[in-house]
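Geometric and topological summary
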Amino acid sequence: MSNGTEITVVGNLVEDPELRFTPNGAAVAKFRVASTPRKFNRDTNAWEDDKEGALFLSCSVWRQAAENCAESLQKGMRVIVQGRLKQRSYEDREGVKRTVFEVDVEDVGPSLKMATARVEKASRAGAGGQGQGRQQGGGSRSGGWGGGQGPAQDAWSSGGGQQGQQGGWGGGDEPPF
């Protein structure tokens, strides 16, 4: 099942989730999380951020969870992200080889350590139906819920939508960024 190392990260969103749609209609949200360890300073008798140890991770979440993420989360929020850590190498414009670490998000939500949240179940179409807009109103900051923009079928309800079972994300969907 696992195509990477399972990881759970607690940190703050560096930016609002960016919601896009693949050519096949699958929603994908991209965001970055900064996880900064804290250390106790005995001289000041106070906890401080360890700025040198800060970890910044790019994250991608797919389908209905992507739409829910874009609707619910925003820059600065403390979140808990669970998913698979992946390593990707590429060559930049100057020809320098680079390696980045990314998280394929399985689940994400607000941290309730120093905040409160109200959870509302998102409305969704049944298997085989078109994506429907949210009944509670409101839209995404980066797109919209628009009828027909979502995938024609909920890939998770059929049990075959997980990465690796169909040659990628839902039959070849790749993130548009």
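Heads up: these notes are all about the structure in this document. (Residues numbered from 1 in each chain as written. Predicted model: local features only at pLDDT ≥ 70, side-chain atom pairs only at ≥ 80, totals over all residues. Heavy atoms only, no water.)

1. Details of the pairing of strand 2 (residues 18–21)
Sheet analysis places strand 2 next to strand 3 (residues 27–35), joined by 4 bridges and oriented antiparallel. Paired with phenylalanine 21 across the strands is alanine 27, a residue of strand 3. (Pairing = 2+ DSSP bridges. Helix = DSSP H or I, 4+ residues; strand = E, 2+ residues; numbered from the N terminus.)

2. Some words on the nonpolar core
Core analysis: the largest hydrophobic core is formed by 20 residues, its most contacted members being Phe31, Val33, Val81, Val105 and Val108. Those elements giving two or more residues to this core turn out to be strand 1 (5–13), strand 3, strand 6 (55–62), helix 1 (63–72), strand 7 (78–91) and strand 8 (97–110). With 4 residues, the single largest contributor to this core is strand 3. The contact partners of valine 33, leaving out residues within four places of it in the chain, are Val9, Gly11, Asn12, Leu13, Val14, Leu55, Phe56, Leu57, Cys59, Val79 and Val81. (Core = buried A, V, L, I, M, F, W, Y, C linked by side-chain atoms within 4.5 Å. Buried < 20%, exposed > 50% of the residue type's maximum accessible area, 1.4 Å probe, protein only. Contact = heavy atoms within 4.5 Å.)

3. So, the pattern of salt bridges
Where charged atoms of side chains with opposite charge meet at close range, the side chains can pair. Scanning the model with the defined rule gives 7 salt bridges in all. The partner of arginine 84 in a salt bridge is glutamate 106, and the shortest N-O contact between them spans 3.2 Å. With arginine 84 in strand 7 and glutamate 106 in strand 8, this residue pair connects regions lying 22 residues apart in the sequence. Residue classification places arginine 84 among the buried residues on the basis of a relative accessible area of 8%. (Salt bridge = Lys/Arg side-chain N within 4 Å of Asp/Glu carboxyl O.)

4. What about unusual backbone geometry?
Positive phi outside glycine occurs at asparagine 45, with the angle close to 55°. Asparagine 45 gets classed as exposed once you look at its relative accessible area, which sits at 58%. For arginine 63, which is not a glycine, the phi torsion comes out positive at approximately 55°. Within the fold, arginine 63 resides in helix 1. According to the relative accessible area criterion, arginine 63 is buried, its value standing at 5%.

Note that every value here comes from positions in space, so none of it alone points to a role or purpose.
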